[in-house]
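# Descriptive structure summary
If you want the building blocks of each chain, they are given just below.
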Amino acid sequence: QVQLVESGGGLVQAGDSLRLSCGASGGRTFSDYTMAWFRQAPGTEREFVAAISWNGGRTIYADSVQGRFTISRDNAKNTVYLQMNSLKSEDTAVYYCATDIRRRLLLTYWAKSWAEYAYWGQGTQVTVSS
């Protein structure tokens, strides 16, 4: 069973930076699978933030975070990161990491759909005060 554990959330001011981490475990080869970050604010749908291909060679971002957020992965540490810069109040949400079950899949726009992912972490809260 794949387990994902997020960390790094917190309360920051607008314009600040945060780095989220998501560690994976569960007996499969981490480096074979797409990893993604989603977020959900109260009363809203879960929203795609960013995804990274199994080898780190391709990334996709939501328009709302393009140029401010960077997704990366360290396959030796079974960890995916989300560097968030120039944070805005509208970035306030619970952030979740997710992974799918298809090995070495080409990263394209399918990765923006939450329904494509089989495993999810418990989430970490990010609050940005204005």
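Placed above this text is the structure.
Quick summary incoming for the structure in this document. What you see is a predicted model; the values in this text were computed from it and never measured.

## What to know about the sheet that holds strand 1 (residues 3–7)
Taken in spatial order, the four strands of this open sheet run 1-3-8-7, and their pairing is antiparallel. The sheet is open, and its two edges are formed by strand 1 and strand 7 (69–74), each paired on a single side. The mean angle between the axes of side-by-side strands here comes to 15 degrees, regardless of whether they run parallel or antiparallel. Looking at chain direction, strand 1 and strand 3 (residues 18–25) are connected through five bridges and run antiparallel. Following the sheet pairing, Q3 is matched in strand 3 by S25.

## Thoughts on the nonpolar core
In this structure, W37, L82, M84 and Y95 are the most contacted members of the largest nonpolar core, which totals 37 residues. Elements with a contribution of two residues or more to this core: strand 3, strand 4 (35–40), strand 5 (47–52), strand 6 (59–61), strand 7, strand 8 (79–84), strand 9 (93–99) and strand 11 (124–129). It is strand 5 that contributes the most residues to this core, five residues altogether.

Conventions adopted
- Residues numbered from 1 in each chain as written.
- Predicted model: local features only at pLDDT ≥ 70, side-chain atom pairs only at ≥ 80, totals over all residues.
- Heavy atoms only, no water.
- Pairing = 2+ DSSP bridges.
- Helix = DSSP H or I, 4+ residues; strand = E, 2+ residues; numbered from the N terminus.
- Axes fitted to C-alpha atoms, helices over the stretch in contact; angles between N-to-C directions.
- Core = buried A, V, L, I, M, F, W, Y, C linked by side-chain atoms within 4.5 Å.
- Buried < 20%, exposed > 50% of the residue type's maximum accessible area, 1.4 Å probe, protein only.

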